[in-house]
Amino acid sequence: MAEVSSTDDNLNTKNGNFICGVVEGFYGRPWTTEQRKDLFQKMKKWGMDSYIYAPKDDYKHRAYWRELYTVEEAEHLSGLIQAAKDQNITFYYALSPGLDITYSSTKEITALKRKLEQVSQFGCEAFSLLFDDIEPEMCEADKEVYQSFAQAQVSITNEVYQHLGQPKFVVCPTQYCSTRAVPNVTNSEYLNTLGSKLSPEINIMWTGQKVITRTLTAENIQEITEALRRPPVIWDNIHANDYDQKRVFLGPYSGRSPDLIPKLRGVVTNPNCEYGANFIAIHTLAQWSRCNIDGQRDLTLNDTVSADIKLETETEDGQMCEDIPTSLSPNMYHPRQALRNAIKEWLPEFSKHKSAWGPIAKPQPAVTVIPVPIIPSINTCMSLTSTTTTSSTVTSTVNATQLQALAEVTVNDSMVNPLPGPIMNSLVSESKVVCNESIPNPITTVSIPIPVTGIQDETRQITVLSGAIIKPKINNSNEEFINSQDREIRNGEEKAVGEKDVNAKQTMNTDRGANENDSSPSTSEPMDCNCTPNISPSHVIKSTGASNEDIAMSEISTSSGSMQVEMYDTMTDGKLEKKYGELSMDDLTLLCDLFYLPFEHGGQGLVLLQEFNWLKSNANLVMEQYQRANRETPEIQEWFARAAKFNEISEGVNKLVKNLTSCNNRELLYDLYPYVWDIRSVISLLNSYVRWLAGGHFPASMPSYTQGTYTWFSKGWRETFMSGDQEPWVFRGGLTADLQRLMPVDSGNDLFVYKIPDVPTCRIFTIRPYANTDENDVMNICTRTSKDGLEDQHPYPDCLKFLHADRIVAPYLLLHPEFCLVVEDDSGIVGYACAAPDHKKFRVKQELSWIPEMCEKYPLSLINNNISKFAQESIRYFHEFKDEICINSPTHPSSMVCSLLPSVLDQSVSKCLVTALLAALRANGCFGVHATMKATDSYIHTFYGKLGFVENTQAVDGKKIMNRNF
């Protein structure tokens, strides 16, 4: 396949009016002026010709579509239009008036014309009106003038088109895909009215069979072409990610045969919200547009060619061969080859010096959660229910009816329309998007009744956008990441938090007074499980200042600005000193495989799923008694070999994270880091569980406790996911979620909700089983965190060095080392979690084999005024152990302790550590655990509360007991 370049034989040029480019049409934070100008340069280089400005949440595109641009905004928009012209890119200015326009109002039409006239004076020569994602109903005034909704839209569109002098023009209809067509494409009065009445020179957009279409078919294109009386321009959402904060799409343009090109007026991709994440999406579309032969199809028609040129295929075990055709002609398109070409050109982008503003913030809109009655059998990591079988092994089957019910609950398969957030403006700065929460968002919220499919006579009142069609999230509200844009005010001027002093970021916060009695996670954002520095961006002050004419807005962290220096980097002669290696082609190939496409996981992602499932399903091979008998059997050796393979991939992901965080392009890093950080945590967690399984400390009945239901390997699940029959938001979370679902922890959705770090860090934490050589490290950590999360500052004699550790953690290390885990980084062990599957038996063992030794080691005679009261309490504990009330709960029989050093600021570490421990307990038939603490231990109480533990209402002898199921 030829490299993409701007040449005379480019099909875009040959077809004359064929549109090929990008539509910035997503919800959430818009791109910056600087990013758009960079896009124009890349599009020219790759032979593309069109850009459509249509960011849903930009200030005056949709919410305030009537308002004219200020002088400052006009300057930026004019500069964008000229920058596009300089690169021979047609700049389409789009407006979305459909939420609240009165089609029959002369005043409204005048306002619409005036707005577009203003933009035309900036040099714009192409325009677009978007009527997507609105209520398909007219107001009473419009009903008196127009016979139908379509006639109203056609009327104002034709009038505006003529008023502007018949420029290049494109329209997005309200029924923009087959599933939106009423009753269907062929018989849709709306589509046929547009086709027959709209000026034939105006292009009409179409997304395919669905909002996000897996495969565009010639049949669907022919059907819509007949209805519209013209070929459509494809608005392609295959790489759009504004509906799912867990997913970004780095796979190649796929599922669209080049055979379609002559049947279309054009293709524009509406890609990821993160500009930096779109190199692959746009580059491979450009490659596709230059081809006229489908490499995947045509090579399989000739057996001789197929034998010589082996394309990658999925093997029986779900893995992907990476052999890619080497002799494709320049006009033949193959997605994997296109991906390789794009990665090769993408790699140098990471070495470019670009700075970024902190803190990291997801660009997607935050959407509210509706308590939809998810089918009990759908056990996703984000679902509201949990159903892992606990008594016997079952074969799970996912049928179309169940998944269709999921889709119907999401209200007509609609795209996500976010609830009103702060007003954003990308046209007042070259390098930043700014916002001001003091400006009211005119897209008001209303409460509307939505019938819940499958529940008779039940209707839920749901707050949604007025006039918007909402797709509710299918997950716990805690999944949403913090999207705060905090700033501090210095001398009356705003300053980005990224400009804070580097040393300040290293300050530790030990003040836990705030919210210290709050043991429940917030419903709006993930909670910190560890201390957060006072100078963290989450603690700075927001700016709310505004003026009447040119509104002052606070900056959103997106793009270039002052150099952001993270705490792990050092400065040498003004340059960032790297600690790790350069990114490689292999790194980026892995990255793309982990975040491939909406209906498809990449090859290495499939390997991760397959290997972990095999290791878990065949763990009985390495049960302790079998290993003692003969560890050298072929079956056991195969298990350990595949465990080593899984560990190798996990290490590869760690390497990717380290190399990525060391790259020069901080803007690109900030776009990708939240996704890579999230999936690395999950893969590392699965690897930790595999390492625990290798010890063989579980009964033969383990599969009945860890089977799980409705995972990637359930009958019908993968097939339905890949078919494209459902919109991709039905399967929320992508590969990250599919991997999470394989962890044998039910009722553990909250444990997979992590707060994004404010700045990137390459500090890698690893969880592994405890070893005898770890004893001193664990005892030291326990000592340093024994007094409500901190170390007792009172001096201790050497004989009492491990007094508190002997009380808190040592019994677990001695009596149940198989249920002890440690977490470590490059500096060593930084935390631990230990459990006893049966606390009642655990106490008996302590009384027989531990307490007598401790009473001898710590006699009562050691108690004196020279040691703290805290130390005195611990000494008395051993001597009064028999008299202590035994905690016995039939629903939470297991006990545990967990502690991390205050220096561990990564909010995911404690959750992953506890998840791994709970999975180990579940493998042994345990489903409930409790933790005990002093009634005055406010920090520990909050710590466990944020890990999903709930306080037992019955306090025992001045102690609090917190429980959780899993």
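Residues numbered from 1 in each chain as written. Predicted model: local features only at pLDDT ≥ 70, side-chain atom pairs only at ≥ 80, totals over all residues. Heavy atoms only, no water.

S.K.: I'm lost on the packing of helix α15 (residues 603-617) against helix α18 (residues 666-693) in this one. Help?
M.R.: How two helices pack is summed up by the angle between their axes together with the distance between the axes. Running from N to C, α15 and α18 cross one another at 25°; their axes reach a closest spacing of 10 Å. With respect to α18, the axis of α15 lies roughly parallel. As for how α15 packs across α18, the hand of that crossing is left-handed. The residues of α18 that touch α15, namely those facing L608, F612, L615 and K616, are I683, L686, Y689, V690 and L693. Considering only residue class, the contact of α15 with α18 consists of 8 nonpolar, no polar and 1 charged. (Axes fitted to C-alpha atoms, helices over the stretch in contact; angles between N-to-C directions. Helix = DSSP H or I, 4+ residues; strand = E, 2+ residues; numbered from the N terminus. Parallel < 35°, antiparallel > 145°, perpendicular 65-115°, else oblique. Left-handed = near helix turned anticlockwise from the far one by under 90°. Contact = heavy atoms within 4.5 Å. Nonpolar A, V, L, I, M, F, W, Y, C, P; charged D, E, K, R; others polar.)

S.K.: What am I meant to see in the nonpolar core here?
M.R.: Most often, soluble globular proteins have nonpolar side chains that are buried together. Grouped together as the largest cluster of nonpolar side chains are 248 residues, with contacts concentrated most on F91, Y93, W346, W639, V809 and Y944. Broken down by element, this core gets its largest block of residues, 17 residues, from α18. Leave out the neighbours within four places in its chain, and V809 touches V778, M779, C782, Y832, C834 and V897. Judged by nonpolar contacts, the second largest core, of 5 residues, contains Y59, A63, Y64 and I423. (Core = buried A, V, L, I, M, F, W, Y, C linked by side-chain atoms within 4.5 Å. Buried < 20%, exposed > 50% of the residue type's maximum accessible area, 1.4 Å probe, protein only.)

S.K.: For this particular structure, what's the right way to read the pairing of strand β12 (residues 433-436)?
M.R.: Each regular strand displays side chains that alternate between the two surfaces of the sheet. Residues of β12 alternate between two faces, with V433 and C435 on one and V434 and N436 on the opposite face, all of them buried. Two strands pair when backbone bridges link them, and strand β11 (residues 423-425) and β12 are joined in this way by 3 bridges, in the antiparallel orientation. Directly across from M424, in β12, lies its bridge partner C435. (Pairing = 2+ DSSP bridges.)

S.K.: Mind showing me how you'd approach the side chain of S128 here?
M.R.: Along the chain, S128 falls in strand β4 (residues 126-130). From its side chain, S128 meets the backbone oxygen of V170 in a polar contact 2.9 Å long. Setting aside chain neighbours within four positions, we find S128 in contact with Y93, A94, L95, F169 and V170. (Polar contact = N/O pair within 3.5 Å; in protein donor to acceptor, adjacent residues only side chain to side chain.)

S.K.: How should I be thinking about the sheet that holds β4 in this particular structure?
M.R.: Paired through their backbone hydrogen bonds, the strands of a sheet run either parallel or antiparallel. In space, the 8 strands of this closed barrel follow the order β1-β2-β3-β4-β5-β6-β7-β8, with parallel pairing throughout. Going from strand to strand, the sheet's axes swing by 25° on average, the running direction of each strand aside.

S.K.: Even after reading the chapter, I still don't get the sheet that holds strand β21 (residues 820-825), so can you show me in this structure?
M.R.: Ordered in space as β20-β21-β22-β23-β24-β26-β25, the 7 strands form an open sheet in which the pairing is mixed. Each having just a single partner strand, β20 (766-769) and β25 (950-951) make up the two edges of the open sheet. Inspection of the sheet shows β20 paired to β21 by 4 bridges, in the antiparallel sense. Residue pairing across strands places P769 opposite L821, the latter belonging to β21.

S.K.: Any chance you could explain the packing of helix α14 (residues 585-594) against α15 here in plain terms?
M.R.: Close contact between α14 and α15 brings their axes to 6 Å; oriented N to C, the two are set at 65°. Classified by the angle between their axes, α14 and α15 sit roughly perpendicular to one another. Along its contact with α14, which presents T589, L590, D593 and L594, the element α15 presents G603, Q604, G605 and L608. Looking at the contact of α14 with α15 residue by residue, the class counts come to 3 nonpolar, 4 polar and 1 charged.

S.K.: Looking at this structure, how should I read helix α12 (residues 335-346)?
M.R.: Given a rise of 1.5 Å per residue, 12 residues ought to cover 16 Å, and the 16 Å separating the end C-alpha atoms of α12 matches this to within 8%. Within α12, 10 of the 12 residues are buried, which leaves the element mostly enclosed by the surrounding structure. All of the buried residues in α12 are P335, R336, Q337, A338, L339, N341, A342, I343, E345 and W346. (Expected span 1.5 Å × (residues − 1).)

S.K.: Hey, could you run me through the pairing of strand β3 (residues 90-95) in this one?
M.R.: Of all 6 residues making up β3, 5 are buried, and the element is well covered by its neighbours. Across 4 bridges, strand β2 (residues 50-53) lies against β3 in parallel orientation. Directly across from I52, in β3, lies its bridge partner Y92. Crossover handedness for the path β2 to helix α3 (residues 71-86) to β3: right-handed. Across 4 bridges, the pairing between β3 and β4 is parallel. (Right-handed = clockwise from strand over helix to strand, strands pointing away.)

S.K.: Please clarify how the pattern of salt bridges should be interpreted in this entry.
M.R.: Two side chains carrying opposite charge are able to pair once their charged atoms lie near each other. Applying the stated criterion to the full structure yields 33 salt bridges. A salt bridge links E24 to R36, with the nearest nitrogen and oxygen atoms 2.8 Å apart. With E24 in strand β1 (residues 19-24) and R36 in helix α2 (residues 33-45), the pair connects residues that are 12 residues apart, well separated along the chain. Accessibility classification places E24 together with R36 in one group, the buried group. Here K787 and D792 are joined by a salt bridge, their closest N and O atoms 3.8 Å apart. What makes K787 partly exposed here is its relative accessible area of 41%. (Salt bridge = Lys/Arg side-chain N within 4 Å of Asp/Glu carboxyl O.)

S.K.: I'm lost on the packing of aromatic side chains in this one. Help?
M.R.: Within a pair of aromatic rings, the relevant descriptors are the distance that separates the centres and the angle that separates the planes. Under the counting rule described, the total for this entry stands at 39 aromatic pairs. Measuring from ring centre to ring centre gives 4.9 Å for W46 and F279, while their planes differ by 80°; the resulting arrangement is edge-to-face. In this pair, W46 is assigned in the loop between α2 and β2 and F279 in helix α9 (residues 279-289), connecting sequence segments 233 residues apart. W46 sits in the buried class, given a relative accessible area of 2%. A relative accessible area of 7% places F279 in the buried class. Where W692 meets F698, the ring centres are 6.1 Å apart and the plane angle is 45°; that geometry is what we call tilted. Exposure remark for W692: the relative accessible area of 4% places this residue in the buried category. An aromatic cluster is present here, built from F40, Y51, Y53, Y69, F91, Y93 and F122 joined pairwise through their rings. Sitting over the face of the ring of Y253, R256 holds its NZ or CZ atom 5.7 Å from the ring centroid. Cation over ring: K362 sits above Y675, and NZ or CZ is 3.5 Å from the ring centre. (Phe/Tyr/Trp six-rings, centres within 6.5 Å; stacked < 30°, edge-to-face > 60°. Lys NZ or Arg CZ within 6 Å of the ring centre and 35° of its normal.)

The analysis is restricted to geometry; functional conclusions fall outside its scope.
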